[in-house]
Amino acid sequence: MRVCLWLLMSSIYTISLHGNALLKLFHHKGLNADKLVLYTRKPVKIQQSSDRKDGKQYLVFLLPSVIVSNKMGSAVDTVNTQKHDDYELAIKQNLNGLQISLNYDPVKTDYTVETFHAIATQFGIMLTIVQKGTSLTTKRKGVVLDFGHGGDDHGAIGCNGVTEKIVTHAVGQKVKRLLEQNGIPVYLTRTKDQTVPLNKRTQFANAKNASLFVSIHANAAANKNAQGIETFCAHPKLLSCTAGACNAENAKRAHANGLNGCFLAQSVHTTVLNNVRSVNPGVKDRKLKHAVSQVLAGTQIPATLIELGFVSNCAEAAKLNDSRYQMKLAEGIVEGILKYLRDKDN
Ligand SMILES: [Zn+2]
């Protein structure tokens, strides 16, 4: 007994010495695919084992040395307590690291594992579980608008108290009205000042099967001079496929969405800058950027995220707080969306 206890203690000690913390965990649900996304502090070499019994596929992914802190425990519990129609998923800590078990019927279901390097040198792992052979019968229509932050999550609080969640809501409402004037249905991930987790935003977007998704944010930086507009998309080249059906139909579709998201991002970025230049000729073009942010990774339609400017820069914060400037930004976003939709139809 004493030996066992000693072995257990020394193993736990070994993990914590060489440990690699699980930093974030997301479970994005979609119409024909779900994604589990994990972030760790350091890169992980995933070990995989599989077994097939009674027509079922049993997969185990071990993330060696990865530790779940108390803070992340409830996020893990949330994933473990969810029921899924086509698969069973369980995450647990064992002595060697973090273990993810996935059981499914290989006739109906398939999977892909991709890794990526995220901001702040975090390491990302994305497990996509896809329903085989599903095709969306309804044609995509409408736009999902995501007003960044809200409720308890204020986003960045900048110069003279200009707050990101207020700016994103104000600009977003204008975008909504303009799109509707153009006959385009709009779906909002939040309608008022409310807290909406990222998983819920992506789940909502995926359920709508809209043509595209635009997330609206404002920036902040320690350097008070930082300014300008930048736009993000999750380019497929950011992901490296490590296991599973990397070339399967569903993985290809996911990557097509990523590429289309970049066309959308480029279109929106250009038109927003052009519009804003008429009232703010010195606006800085911080360019199109590639990043696997959660709302971009979790939405299964072409998606972009725009940072409208820096609330931490006093001059730019004052503009972002001004209703006429907000209208210029909104007109630019709408023009970019309309141009993207026109280009797609041709
Ligand atoms: Zn933000």
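Residues numbered from 1 in each chain as written. Predicted model: local features only at pLDDT ≥ 70, side-chain atom pairs only at ≥ 80, totals over all residues.

**Regarding the sheet that holds strand S2 (residues 33–40)**
So the rule is basically this: Strand pairing requires that DSSP identify at least two bridges connecting the strands. Only DSSP runs of H or I with at least four residues qualify as helices, and only runs of E with at least two residues qualify as strands; both kinds are numbered from the N terminus onward.
One open sheet accounts for 6 strands, arranged S5-S1-S2-S9-S8-S14; its pairing is mixed. If you trace the sheet from one side to the other, it starts and ends with strand S5 (66–67) and strand S14 (240–244), each paired once. Pairing of S2 with strand S9 (residues 123–131), which is carried by 8 bridges, proceeds in the antiparallel orientation. Paired with Leu-36 across the bridge in S9 is Leu-127.

**Re the domain arrangement of the protein**
As a reminder, the rule being used: Domain limits in this description derive from either an automatic procedure or a database domain assignment. Throughout, a residue-residue contact means that the two C-beta atoms, derived from backbone geometry, are no farther apart than 7 Å. Gly falls in the polar group here, along with every residue not listed as nonpolar (Ala, Val, Leu, Ile, Met, Phe, Trp, Tyr, Cys, Pro) or charged (Asp, Glu, Lys, Arg).
Examined at the domain level, the protein breaks down into domain 1 (2–131) and domain 2 (143–345). Using only C-alpha atoms to locate each centre, domain 1 and domain 2 end up separated by 30 Å. With 24 residues of domain 1 at the interface, the matching set in domain 2 holds 26 residues. For the side of domain 1 that touches domain 2, the secondary structure elements donating two or more residues are strand S1 (20–28), S2, strand S8 (109–117) and S9. The biggest single contributor to the side of domain 1 that touches domain 2 is S8, with 7 residues. In the side of domain 1 that touches domain 2, the residues fall into 12 nonpolar, 8 polar and 4 charged.

**Section: the pairing of S1**
With 2 bridges connecting them, S1 and S5 associate as parallel partners. When the sheet's bridge partners are listed, Ala-21 is paired in S5 with Ile-67. Pairing of S1 with S2, which is carried by 6 bridges, proceeds in the antiparallel orientation. Each residue of the ladder has a partner; that of Lys-24, found in S2, is Tyr-39. Taking the residues between adjacent antiparallel strands as the criterion, S1 and S2 are bridged by 4 residues.

**What to know about the nonpolar core**
Under the convention used in this document: The term nonpolar core refers to a group of buried residues, namely Ala, Val, Leu, Ile, Met, Phe, Trp, Tyr and Cys, whose C-beta atoms join them within 7 Å. Counting other C-beta atoms within 10 Å of its own, a residue is labelled buried from 20 upward, exposed at 12 or fewer, and partly exposed in the gap between, with every C-beta atom placed from the backbone.
Ranked by size, the top nonpolar core spans 76 residues in total, and within it Leu-212, Val-214, Leu-296, Leu-308, Val-311, Ile-333 and Ile-337 carry the most contacts. With 7 residues, helix H5 (residues 249–277) is the largest single contributor of residues to this core. Among the domains, domain 1 (2–131) and domain 2 (143–345) are the pair contributing at least three residues each to this core. Residues contacting Val-214, with those up to four places away along its chain left out, are Val-143, Leu-145, Asp-146, Val-268, Thr-304, Ile-306, Ile-333 and Ile-337.

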